[in-house]
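Now for the letters of each chain:
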Amino acid sequence: MPRPRVLLAVLVPLLALLGLTTPAQAAWPAPVPVVSKISTTDPVIFITIDDGWAHDPAAARILLDRNIPASLFLVSDAASNGPQYFRTLLDHGPSRIENHTVSHPSMTTLDAEGQRAQICGARQRALSTFGFEPRLFRPPYGDYNEQTRVAAGACGAKALVTWTHDQTTWGTWQPPMPQLQSGDIILLHFTDGLAADLTRVLAAADAAGLKPARLRDYIAD
Ligand SMILES: [Zn+2]
């Protein structure tokens, strides 16, 4: 007759394998919420800037001169390629570094373990390179599944963030500017055109009576 503890040690993984654990156990850690817009009456928008391959000095000047609290969703491999640019933004302005994976794969092409390696790995790299902890996760291309939400929570994120409006200019294609509203999350990218994109978005926000605010402050722990 096996001792009860031994029996449990055998039974629990077996039940988990068969999908017979309780929902609370199966969901641990809990999947984080998905956020594409903040529900608020504050006159605010949220500037988010992705990737980090290009380092436009004019864009950095705008962010610092206007004290814009941008969320920088950096790919670790891009951030390591010229970290001083981002360190200046973090040290001299209100921007914060957020999580956009180590190397920018589509999460839906990875298994749970692979997703966790990308998200937890990027958290570790942000801590070791900049000394700041990301609290939000944005999946590359906006692609995610249930496993992504669980992995994000396990790797210290409090939300999976997509966007309300993508205002990135790629080459000669410039997206039309929508009527901005309170709580909109604006997606931009670190491109050579970032200064121009930022200028357009900030002008539209000014015209709508909206001010940039820090996204992580509007998402509950
Ligand atoms: Zn990206």
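The preceding data block contains the structure.
Now for a quick tour of the structure.

Rules and cut-offs
- Residue positions are given per chain, counting from 1 as you read along its sequence in written order.
- Local features are withheld for residues below a pLDDT of 70 in this predicted model, meaning they are given only at 70 or higher, and side-chain atom pairs are given and counted only at 80 or more; totals for whole chains, interfaces and linings count all residues.
- Each side-chain value is derived from all of the structure's non-hydrogen atoms; neither hydrogens nor water enter the calculation.
- In this description, a nonpolar core means a group of buried Ala, Val, Leu, Ile, Met, Phe, Trp, Tyr and Cys residues linked to one another through side-chain atoms lying within 4.5 Å.
- Categorising residues by exposure relies on relative accessible area from a 1.4 Å probe, with only protein chains included: less than 20% of the type maximum marks a residue as buried, more than 50% marks it as exposed, and the intermediate range marks it as partly exposed.
- Strands are runs of DSSP state E lasting at least two residues, helices are runs of H or I lasting at least four, and both sets are numbered from the N terminus onward.
- Contacts were defined at the residue level, with two residues in contact if any of their heavy atoms lie within 4.5 Å.
- Every case where a carboxyl oxygen of Asp or Glu lies within 4 Å of a side-chain nitrogen of Lys or Arg is listed as a salt bridge.
- Ring geometry is summarised as follows: Phe, Tyr and Trp rings, the Trp one being its six-membered ring, pair when their centres sit within 6.5 Å, and such pairs are stacked at plane angles under 30 degrees, edge-to-face over 60 and tilted between the two.

## Focus on the nonpolar core
Of all hydrophobic cores here, the largest spans 31 residues; its most connected members are Ile47, Ile49 and Phe190. Elements that contribute at least two residues to this core include exactly strand 2 (44-51), helix 3 (57-65), strand 3 (71-74), helix 5 (83-92), helix 6 (112-130), strand 8 (185-189) and helix 8 (194-207). Among the elements that take part in this core, helix 8 stands out by supplying 7 residues, more than any other. When sequence neighbours within four positions are dropped, the list of residues in contact with Ile47 reads Ile68, Pro69, Ala70, Ser71, Ile186, Leu188, Leu198, Val201, Leu202 and Pro212. Val35, Phe46, Ala159 and Val161 belong to the second largest nonpolar core, which has 12 residues in total.

## Quick notes on the pattern of salt bridges
Within the structure shown, the criterion is met by 11 salt bridges. The partner of Asp221 in a salt bridge is Arg135, and the shortest N-O contact between them spans 3.8 Å. Here Asp221, found in the segment after strand 9 (211-212), pairs with Arg135, found in the loop between helix 6 and strand 5 (136-137); they are 86 residues apart in sequence, far enough to count as distant. Judged by its relative accessible area of 79%, Asp221 is exposed. A salt bridge links Arg200 to Asp197, with the nearest nitrogen and oxygen atoms 3.3 Å apart. Of the two residues, Arg200 and Asp197 both sit in helix 8, 3 residues apart, roughly one turn of that helix. Given a relative accessible area of 1%, Asp197 falls into the buried group.

## What to know about the packing of aromatic side chains
Scanning the model with the defined rule gives 4 aromatic pairs in all. With a centroid separation of 5.1 Å and an interplanar angle of 70°, the aromatic rings of Phe46 and Tyr218 are classed as edge-to-face. Of the two residues, Phe46 is situated in strand 2 and Tyr218 in the segment after strand 9; the sequence distance between them amounts to 172 residues. With relative accessibility at 28%, the residue Tyr218 sits in the partly exposed group. Aromatic side chains Tyr85 and Phe86 sit 5.2 Å apart centroid to centroid with 85° between the ring planes, which places their arrangement in the edge-to-face category. Of the two residues examined, Tyr85 and Phe86, each falls in the buried class. Grouping aromatic residues by their ring pairs yields a cluster made of Tyr85, Phe86 and Phe190.

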